[in-house]
Amino acid sequence: MANEKIVSRARLREVVPELKRSGKRVVFTNGCFDLLHPGHVRYLQAARALGDVLIVALNSDDSVRRLKGPSRPVVPAADRAEVLAALEMVDYVTVFEEDTPLELIQEFVPDVLVKGGDWPLERIVGADVVRAHGGEVHALAYAPGYSTSALIQRIVTLAQSPKSLGEPETT
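Structural notes on the overall build of the protein
In step 1: Counting its secondary structure elements, the protein contains seven helices and five strands.
In step 2: Along the first, second and third principal axes, the C-alpha set of the protein runs to 70 × 35 × 30 Å.
In step 3: Contacts in the protein between residues far apart in sequence, at least 24 positions, make up 72% of those at least 6 positions apart.
In step 4: Between the centroid of the 20 positive side chains of the protein and the centroid of its 23 negative side chains there is a distance of 3 Å.

Notes on the environment of E107
In step 1: Relative to the helices and strands, E107 resides in helix α5 (residues 102-108).
In step 2: Expressed as a C-alpha distance, the spacing of E107 and R13, which sit 94 residues apart in the sequence, is 8.2 Å.
In step 3: For E107, the contacting residues outside a window of four places in its chain are R9 and R13.

Thoughts on the side chain of S63
In step 1: By the secondary structure assignment, S63 is in helix α3 (residues 61-68).
In step 2: Filtering out sequence-adjacent residues up to four positions away, S63 remains in contact with F96, E97, E98 and D99.

Observations concerning the pattern of salt bridges
In step 1: Inspection of the entire model under this criterion finds 10 salt bridges.
In step 2: Close ionic contact of R9 with E98 constitutes a salt bridge, the shortest N to O distance being 3.0 Å. A residue pair is termed long-range when its members are at least 10 positions apart, and R9 in helix α1 (residues 9-21) and E98 in the loop between β3 (92-96) and α5 qualify at 89 residues.
In step 3: Beyond isolated ion pairs, a larger network of salt bridges with shared partners links R9, E98 and E103.

What counts and what doesn't
Residues numbered from 1 in each chain as written. Predicted model: local features only at pLDDT ≥ 70, side-chain atom pairs only at ≥ 80, totals over all residues. Heavy atoms only, no water. Helix = DSSP H or I, 4+ residues; strand = E, 2+ residues; numbered from the N terminus. Contact = heavy atoms within 4.5 Å. Lys, Arg positive; Asp, Glu negative; His and termini not counted. Charge placed at Lys NZ, Arg CZ, Asp CG, Glu CD. Salt bridge = Lys/Arg side-chain N within 4 Å of Asp/Glu carboxyl O.

Below, the structure is given as structure tokens:
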């Protein structure tokens with residue numbers, strides 16, 4: 001069940017060592033995942049393919065506001081977590097309050113750390129921690145044409161132009 005995939009940091013403290021002891025390759029990624037789109041889905045599928053278990057750390061609402069501005073997120077964290085947890089390739093979702101996932105990465109030291117291709121390897125938070133423990137860091141190919149910010153802008157533009165929404169013209 002999807003909601004069982006949404007876990008606290010305390011639960012991850014129990015789960016991650018068990019996974020590693022059983023020889024599972026743990027993949028970790030993080031982000032806002034505000035309006036889920038095909039770029040996110042492709043990214044998460046590619047991330048999951050790098051290991052046996054995919055943990056997605058989701059920025060909290062306050063964290064997203066600090067990073068993206070006062071009008072974000074569009075979708076609250078609990079709802080974003082539920083949608084992510086419903087995806088087949090996602091094994092665990094946890095919400096974090098910090099602006100970066102560094103504390104989580106230091107605590108759980110995944111075998112593989114993944115970000116989107118819009119992040120140069122040298123800027124991926126926690127890369128040094130993962131590499132120091134023999135892990136891998138990947139910047140996966142960015143799906144051009146998919147962006148939550150661009151999607152929000154398109155919605156705003158459409159909302160401001162009733163004709164483009166298919167509404168009948170008034171004369």
